[in-house]
Amino acid sequence: MSEMLTAVAIIFIVAGPFMLFANRFDLPAPPLLILAGVVAGFFIDEVLALELAQFGIALLVFTFGVGIQISSIEPVLADSELVALGQIFLVGLLGVGFGVLFGLPVTESVYLGVAVALSSTIVATSLLQTEIRSNLIHGRLGQSIQFVQDLFAVGFILIVGAGVFELDPVVLQIGYGALFLISAVLVNRYVFDVMGRLAGDSDELMVVGVISLLVVFVGVAAAVEVPIVVGAFAAGLAVRHDPAQYLGLFNGLESIKDFFVAIFFVTVGALVVLPFVDLGVADSVETLALVGGLVVLTAVVKPAVTAAILINQGYEARTAALTGFSTDQISEFSLIIAIEALLVGLLTQSVFDAIVLAAAVTMITSTITQQYNEQFYRVLADRRILSSRHDKTDEMSDVPEDISDHVIILGYGQKGKRM
């Protein structure tokens, strides 16, 4: 425990100057926190960094689950499912193929496919806060795509958590995962409101109650040998997001999330193995080639696939492009999957190092693309790489001139349906 506390202290001592620098010059925090982690990695043992990353990601996944508002993403959920599945199968297959062509075994290439297919909920949600609060369509699409992908990622984590690709252990793990999700639904429906009534007007009691709920879910997951991130994700879904009724609670959880976001990005940096510093020349060249392929598939191919699917579904080019830019990073779930696979011997250290370095690079580049997404879209549109025409949207919205005896309903959106 003392070693863990020492590692956390090192993280914040090193991260402090980087955060002050970011605040002073109004720079995005994630890239600088990752760089702080690279520095902290010289003082933190890799085993401790792996453990911190697992707990940090689990707690962040919990806060993401808390923030999910099904009502806000429901109108775009069907389209998001198609995009998420398209990313998983199309981009994932390209990742597997790249690994095989690179000379890796198929079993390890699968983890490359998973890495490039899944997008980061933590990074994208933090970068899309304005769009989500403003209820913009590409903000809802991005959040919904990541939610669908996270459900897939939880299933894959359960499979990897079995330790072996055999039917009985895998079925047992998936069964536990299903029980966790069912329990989350039941707690959300029957227990959470009771907690609210018992707490009365005390926001502090509600925060303590929710944290206790998280501890129970994570503790049960650890007891039945299920990855703790599954328990944390279920605990997040068990807490209903109702800002109007529980504003103090969610403000308190937001502060907790900011604390663990810092730990997450710093531990990602601490896990980075630097080519030509920590590796020999031959290994460095091989690692950089592997990282380069992962970055291209994640930051270029995946957004292109996302935009193409959305345009085919009838969305206009700008919305499709901005949504695609929000998916151009490797997911924290991919890191958890890679860590679990490394710990059970299903992934070699060199491939794990490449996935972590690619994740760090794409999390940094994603911050840049999100900051200048409008400019990037304008460049693509001006060069006619993306068409600004709305032919399919116009076709779907076309009303025959001879139509009669129909009623036009205005305002039948998210709010109007509740009237």
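Before reading on, note that the structure itself is shown above.
All of these numbers come straight from a predicted model, not from anything done at the bench. (Residues numbered from 1 in each chain as written. Predicted model: local features only at pLDDT ≥ 70, side-chain atom pairs only at ≥ 80, totals over all residues. Heavy atoms only, no water.)

Trainee: Describe unusual backbone geometry, with residues and values.
Mentor: For glutamate 225, which is not a glycine, the phi torsion comes out positive at approximately 60 degrees. Judged by its relative accessible area of 65%, glutamate 225 is exposed. (Buried < 20%, exposed > 50% of the residue type's maximum accessible area, 1.4 Å probe, protein only.)

Trainee: Can you explain helix H1 (residues 2-24)? Please cite residues and give values.
Mentor: With 23 residues, H1 should reach 33 Å at 1.5 Å per residue; the first-to-last C-alpha distance of 33 Å fits that figure. What H1 keeps buried is the set Met4, Ala7, Val8, Ile10, Ile11, Val14, Ala15 and Ala22. Looking at the residues trailing H1, positive phi occurs at aspartate 26, about 55 degrees. (Helix = DSSP H or I, 4+ residues; strand = E, 2+ residues; numbered from the N terminus. Expected span 1.5 Å × (residues − 1).)

Trainee: Quick rundown of the layout of surface pockets? Include the residues and the values.
Mentor: Taken as a whole, the second largest pocket spans an internal volume of roughly 260 Å³. Looking at the lining of the second largest pocket, the elements with two or more residues in it are H1, helix H3 (46-67) and helix H14 (247-271). It is H3 that contributes the most residues to the lining of the second largest pocket, 6 residues altogether. Considering only residue class, the lining of the second largest pocket consists of 12 nonpolar, 1 polar and 1 charged. (1 Å grid on protein atoms, 1.4 Å probe; cavity = no way out; pocket = protein on both sides within 12 Å on 5 of 7 lines; lining within 4 Å. Points joined across faces, edges and corners; volume = space filled by probe spheres on them. Nonpolar A, V, L, I, M, F, W, Y, C, P; charged D, E, K, R; others polar.)

Trainee: Can you break down the nonpolar core residue by residue, with the values?
Mentor: One finds Phe62, Leu335 and Ile355 to be the most contacted residues of the largest nonpolar core, which totals 113 residues. Sequence-distant contacts of leucine 335, defined by excluding residues within four places in its chain, comprise Ile57, Phe264, Val268, Ile355, Val356, Ala359 and Met363. Of all hydrophobic cores here, the second largest spans 7 residues; its members include Ala317, Phe325, Ala381 and Leu386. (Core = buried A, V, L, I, M, F, W, Y, C linked by side-chain atoms within 4.5 Å. Contact = heavy atoms within 4.5 Å.)

Trainee: Could you give me a rundown of the packing of aromatic side chains, with the residues and numbers involved?
Mentor: Scanning all chains against the criterion turns up 6 aromatic pairs. Here the aromatic rings of phenylalanine 98 and phenylalanine 102 are separated by 5.8 Å at their centres, their planes lie at 45 degrees, and the arrangement is tilted. Look at phenylalanine 102 and you get partly exposed, because its relative accessible area is 27%. Put simply, the rings of Tyr111, Phe152 and Phe156 touch in pairs and so form one group of aromatic residues. (Phe/Tyr/Trp six-rings, centres within 6.5 Å; stacked < 30°, edge-to-face > 60°.)

Trainee: Talk me through the side chain of serine 119; I want residue IDs and the actual numbers.
Mentor: Along the chain, serine 119 falls in the loop between helix H6 (106-117) and helix H7 (121-127). A distance of 3.3 Å separates the side chain of serine 119 from the side chain of lysine 302, its partner in a polar contact. A polar contact is formed between the side chain of serine 119 and the backbone oxygen of threonine 327, at a distance of 3.0 Å. Ignoring sequence-local partners within four residues, the contact set of serine 119 consists of Gln87, Gln146, Gln149, Lys302, Thr327, Gln329 and Ser331. (Polar contact = N/O pair within 3.5 Å; in protein donor to acceptor, adjacent residues only side chain to side chain.)

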